[in-house]
Amino acid sequence: MAAGAQQQPPAVFDPAAIESFRFLDRRLGADGTVELDYALDRELRFTERVTLPVAAPLSEEQISEAQGLLALLHWTAGVSYFKAALPGTIECESPAPGPAAATLLEALYSEGLGELAYRNGLKELPRPRFPRAAEGSSALASPSAPGTEPRRILVPVGGGKDSAVALEIVRRSGVETALFSVGDAPPIARTVAVAGLPHLIARRQLDSLLFELNAAGAINGHVPVTAIVTCVALLTAQLNGFDAVAMANERSASAGNLSWDGIDVNHQFSKSLVAERLLSAAVAEQDAKVRQFSVLRPASELGIARAFAGFDEYHGAFTSCNAIFRIDPALRASSWCLDCPKCRFVFLAMAPFSSPAHLREIFGADLLGEDDQFEGFALLAASGGHKPFECVGEEQESVAAMRLLADDERWREHAVVRRLTAEVLPSHPLPEGDPETVLALGDDHDVPDRLMAEVRALLRA
């Protein structure tokens, strides 16, 4: 059966019966259409389609030069289909990855699926081994080496506070800047409208068979989607003449949620510094004409929230609640859901730098004034044993925000703040959650020198 052909999904899908995950073929058309073919064993085949924004039909030379990044996208995006069964064998019918790419993939297909394995009650983490091609060109100069300052930067935008701060850092550096997104959800469209910068939009279409297998018993859950989005952005950047992709992943993304099966299970693994550097090495191995880094890596979420508080023009545009981005339209929220860890964390992080009236205007409610929100806010300080599986800051950051609010006359009499001060902060004696320490910039990052001046200026280092 040809890849992408109509298949009759099984009424009951048994993941344990699947022995192998196979990378089949990949294609990039002159119109920017990407097709990525996969299979579970021989019977279940998938074709994912990605539509890339290109200004004109691609030349044969452009398509040829993009084959390395196309391969990297093929391998990375496959995790969405692999996770349906987590088979022990990986096969590559198209050329296999080089050593650096294989190392990245083994991390994404194991630690990147740590939350999925833990929350599905699996006995252990999947640890597949990838075939390796001959040694490639991974010895290329480091992307952060002197003399490699970027000239044209593509900034992915997700519609939240972090990407707004990231795009303003890049814009203010004087480098030619454009924005990128996979899809154009309302918060993304609103943020782009405020920024007033060119916007390149890609579209991703997962194979419908995957959803049918999910309904029939496939393993389902969180995947390292940021790595996939970054690879789509890199391919888009190269085909449109950009030489860098500036992500908005902060220092806090490197902190895990809990320890299990010998690893730190991290909801944000593919946003971590470890994943960023593994991806950079894999990109260099492909002889790509573009690089990636996170411009917010030196900063904490709390520091980013402080910077964002000064960008009033974005406050009516952004929404960080992930309920807006659910795949199933029937489950998708239209704005802040006001009842998830992400909503609470963003509210908590912004509160020390905003007035109650302003946050009510943004969120539509005063979450710190509602006593029934207390338990959810307390969980951000790991009162439940670990921080929630969401894109939220470290426990230390939440504690630091609580300290600032306890001393802030605008907030300290709010119902939730009173209880946090009385019931949570005593369990975290200083120096835990020291605001000065949390707000300081870190040194472990790959931000180019040209952008670091703006990072320091906007984040007050």
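Bear in mind the structure is a predicted one, so any value in this text is a computation, not a measurement.

Asker: Describe in detail the pattern of salt bridges, supporting the description with residues and values.
Answerer: Enumeration according to the criterion identifies 27 salt bridges in this entry. Residue Arg49 pairs with Glu35 through a salt bridge whose shortest N-O separation is 3.2 Å. Of the two residues, Arg49 sits in strand β3 (residues 44–51) while Glu35 sits in strand β2 (residues 33–40), which places them 14 residues apart along the sequence. Via salt bridges that share partners, Asp25, Arg27, Glu35, Asp37 and Arg49 belong to a single interconnected network.

Asker: Go over the nonpolar core, please, and point to the residues and values.
Answerer: As a rule of thumb, nonpolar side chains are buried together in soluble globular proteins. Within the largest apolar cluster, 74 residues are counted, with the highest numbers of intra-cluster contacts made by Ile153, Val295 and Leu368. The element that contributes the greatest number of residues to this core is helix α12 (residues 341–350), accounting for seven residues.

Asker: Which residues make up the environment of Lys387, and what values do they have?
Answerer: Structurally, the position occupied by Lys387 is in the loop between α14 (374–379) and α15 (395–406). Residue classification places Lys387 among the buried positions, given a relative accessible area of 5%. Along the backbone, Lys387 and Arg204 are 183 residues apart, and their C-alpha atoms lie at a distance of 30 Å. Apart from residues lying up to four places away in sequence, Lys387 is in contact with Ser252, Ala255, Gly256, Asn257, Gln268, Leu379, Ala382, Val392, Gly393 and Glu394.

Asker: Hey, could you go over the confidence of the model for the protein chain for me, with residue numbers and the actual values?
Answerer: Predicted coordinates in regions of low pLDDT should not be interpreted in detail. The predicted model of the protein chain averages 91 in pLDDT, with 93% of residues at 70 or higher. A low-confidence stretch, residues 1–5 (pLDDT under 50), is modelled with eight contacts involving residues beyond four sequence positions or located in other chains.

Asker: Give a detailed account of the sheet that holds strand β6 (residues 176–182), specifying residues and quantitative values.
Answerer: On the basis of which strands lie adjacent, the open sheet formed by nine strands has the order β4-β1-β2-β3-β7-β6-β5-β8-β11 and mixed pairing. Lying at the two open borders of the sheet, with one neighbouring strand each, are β4 (89–92) and β11 (291–294). Mean inter-strand twist for the sheet, computed between neighbouring axes without regard to direction, equals 25 degrees. Bridge analysis of strand β8 (residues 244–247) against β11 gives four bridges, and the strand direction is parallel.

Asker: Outline the packing of aromatic side chains, listing residues and values.
Answerer: One pass over the full model with this rule turns up 16 aromatic pairs. Aromatic pair Phe21 and Phe23: ring centres 5.1 Å apart, planes at 80 degrees, arrangement edge-to-face. As far as the burial class goes, Phe21 and Phe23 line up, both buried. Aromatic pair Phe318 and Trp336: ring centres 5.2 Å apart, planes at 75 degrees, arrangement edge-to-face. With Phe318 in the loop between α11 (301–308) and α12 and Trp336 in the loop between α11 and α12, the pair connects residues that are 18 residues apart, well separated along the chain. On the basis of relative accessible area, Trp336 is assigned to the buried category, the value being 8%. When the ring centre of Phe242 is taken as reference, the NZ or CZ atom of Arg152 above it lies at 4.0 Å. Arg419 extends its terminal NZ or CZ atom over the ring of Phe374, reaching a point 3.9 Å from the ring centre.

Cut-offs used in this document
Residues numbered from 1 in each chain as written. Predicted model: local features only at pLDDT ≥ 70, side-chain atom pairs only at ≥ 80, totals over all residues. Heavy atoms only, no water. Salt bridge = Lys/Arg side-chain N within 4 Å of Asp/Glu carboxyl O. Helix = DSSP H or I, 4+ residues; strand = E, 2+ residues; numbered from the N terminus. Core = buried A, V, L, I, M, F, W, Y, C linked by side-chain atoms within 4.5 Å. Buried < 20%, exposed > 50% of the residue type's maximum accessible area, 1.4 Å probe, protein only. Contact = heavy atoms within 4.5 Å. pLDDT = per-residue confidence, 0-100. Pairing = 2+ DSSP bridges. Axes fitted to C-alpha atoms, helices over the stretch in contact; angles between N-to-C directions. Phe/Tyr/Trp six-rings, centres within 6.5 Å; stacked < 30°, edge-to-face > 60°. Lys NZ or Arg CZ within 6 Å of the ring centre and 35° of its normal.

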